[in-house]
Amino acid sequence: MSENGNARIDNVRIEEMLKQKKRMRIFLSLCASCGFCADSCFLYRNYKDPRYMPSYKAINSLGKLFKKKRKVTRLMLEEMSDLVYGKCVMCRRCYCPLGIDISGMISWARTICRTQGVYERYDIDPMGRIKKAAV
Amino acid sequence: MYDFIRGPMLWISFIVFMCGLVFQFYKIFSITGKKEAPSLIRKDANNKGLAKLKKYLNKALSSVALKGTILGTQPFVALLSFIFHVCIIATPLFLLAHNILLFESWRFRLFSLSESTTDIMTVVFLACAALFLIRRIFIPTVRAVSGIYDYLLLLVAAAPFITGFLAYHQLVDYETIIIIHIISGELMLIAVGLTKLGHMIFFFFVRLHIGSEYSFRGGSRSWQ
Ligand code: SF4
Ligand code: SF4
């Protein structure tokens, strides 16, 4: 959910924020897509939906931002917010045998979304999100 | 052709491989800094050397701790992965034929395993690779994060073994297959430094040297 629906995306700021996290670019480039992290996320274990898998969430949020760089759109961030807020509780239990800090990446994707006014409005419609997340 | 791939091409791939490893190492090293001394020191932190290791192993190998790792969550695939990685490194290094070539060129050789052992290792490796492929195609979680790149890399890793097996058993035209074998081996070496296969360096660096909850404890560096 976003607060200022029509506001422009500050692509320069996003790019700067991405540059701050060089290690995350390395994480993303070396993730072996092995899927080992799936079972360490209790949300995945509950829903058994691959979209809850930690690396799926990181690749499709921060990974997408790294790929698109200056071409990020608001719609993209809105879609991402469903993953990073709706499908992760930031418990940092996810475990990658390579030592990749997956939740750190999801957290940074959240931070970037938040700087663009895209965040979870728990105060407005928390139940809507929960229903959506449960599909 | 044969002379080229055994001569300059081999050198090129070794050099790219070594440079790739150094580059990967540098890339990670340059964004880490010395770990700060903890402001709160736990009592058992005074343990040094063996006592520390023993304590760590006790803790890490306890059933509770193991439950959270892939050994606890997916023991079969973890074992598969372990065997896969041991074979991919040990088979080419300790293969008799490779060591004979090495000796012919440099009068230097490593310890060699018997040919039947490496033959079995090759088959085991290929079986693991096949199971990985099946897993990638059919397990929804793995499929969700797999792209063409991942399939390609699995092929790059398996190709030297497939061609090596065919060449050793002379199942197809030897002259051709040995050339393909050498090229695929060289490609794999080159790929280590430039692609996801670089996790070879990343794994050891991060899990041994970086002190965080994702390392095997007590590394000396931290992310900057
Ligand atoms: S984050 Fe780690 S465990 Fe998860 S898919 Fe990537 S390499 Fe595998
Ligand atoms: S931090 Fe998010 S992805 Fe990681 S285990 Fe917790 S809920 Fe799952």
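See the structure above.
Residues numbered from 1 in each chain as written. Chains lettered and ligands numbered in written order. Predicted model: local features only at pLDDT ≥ 70, side-chain atom pairs only at ≥ 80, totals over all residues. Heavy atoms only, no water.

Asks: I keep staring at the site of ligand 2 and nothing clicks. Help me out?
Replies: Residue and element names in this part refer to chain A. The full set close to ligand 2 counts 13 residues, and Cys41, Cys88, Cys91, Arg92 and Cys94 are the nearest of them. Applying the majority rule of atoms within 2 Å of the grid points places ligand 2 in the second largest cavity. Contributions of two or more residues to the shell around ligand 2 are made by α4 (54–68) and α6 (102–115). In terms of residue class, the shell around ligand 2 is made up of nine nonpolar, one polar and three charged. (Near = heavy atom within 4 Å. 1 Å grid on protein atoms, 1.4 Å probe; cavity = no way out; pocket = protein on both sides within 12 Å on 5 of 7 lines; lining within 4 Å. Sits in = over half its atoms within 2 Å of the grid points. Helix = DSSP H or I, 4+ residues; strand = E, 2+ residues; numbered from the N terminus. Nonpolar A, V, L, I, M, F, W, Y, C, P; charged D, E, K, R; others polar.)

Asks: How should a positive patch on the surface be read in this particular structure?
Replies: Together, Arg45, Lys48 and Arg93 of chain A together with Lys67 of chain B make up a region of like positive charge exposed at the surface. Mapped onto the secondary structure, lysine 67 of chain B falls in helix α4 (residues 63–67). (Patch = residues over 30% accessible without salt bridge, like charges linked within 9 Å, V, L, I, M, F, W, Y side chains within 5 Å. Areas by Shrake-Rupley, 256 points an atom, 1.4 Å probe, with all protein chains shown as cover. Salt bridge = Lys/Arg side-chain N within 4 Å of Asp/Glu carboxyl O. Lys, Arg positive; Asp, Glu negative; His and termini not counted. Charge placed at Lys NZ, Arg CZ, Asp CG, Glu CD.)

Asks: Sorry if this is basic, but what is going on with the layout of surface pockets here?
Replies: Rolled over the atoms, a probe as big as a water molecule pinpoints where empty space is left. There is about 560 Å³ of room inside the second largest pocket. If you go around the second largest pocket, you meet 21 residues; those closest to its centre are Leu28, Ser29, Ile59, Gly63 and Lys67 of chain A. Where the lining of the second largest pocket is concerned, the elements lending two or more residues are α2 (22–30) and α4 of chain A together with α10 (148–168) of chain B. Residue composition of the lining of the second largest pocket, by class: eight nonpolar, six polar and seven charged. (Points joined across faces, edges and corners; volume = space filled by probe spheres on them.)

Asks: Please explain a nonpolar patch on the surface as it appears in this structure.
Replies: Residues and elements named next belong to chain B. Residues Trp11, Phe14, Ile15, Ile89, Leu93, Trp106, Phe108, Leu110 and Met200 make up a contiguous nonpolar surface patch of about 860 Å² in total accessible area. Those elements giving two or more residues to the nonpolar patch turn out to be α2 (8–29) and α6 (75–93). A total of three residues in the nonpolar patch trace back to one element, the largest contributor, which is α2. The class of tryptophan 106 is partly exposed, set by a relative accessible area of 48%. (Buried < 20%, exposed > 50% of the residue type's maximum accessible area, 1.4 Å probe, protein only.)

Asks: Please explain the side chain of threonine 118 of chain B as it appears in this structure.
Replies: Residue and element names in this part refer to chain B. Here threonine 118 is to be found in helix α8 (residues 115–138). Looking at threonine 118, its side chain comes within polar contact range of the main-chain oxygen of glutamate 115, at 3.1 Å. Setting aside its immediate chain neighbours within four residues, threonine 118 contacts Thr91, Phe94, Leu95 and Leu113. (Polar contact = N/O pair within 3.5 Å; in protein donor to acceptor, adjacent residues only side chain to side chain. Contact = heavy atoms within 4.5 Å.)

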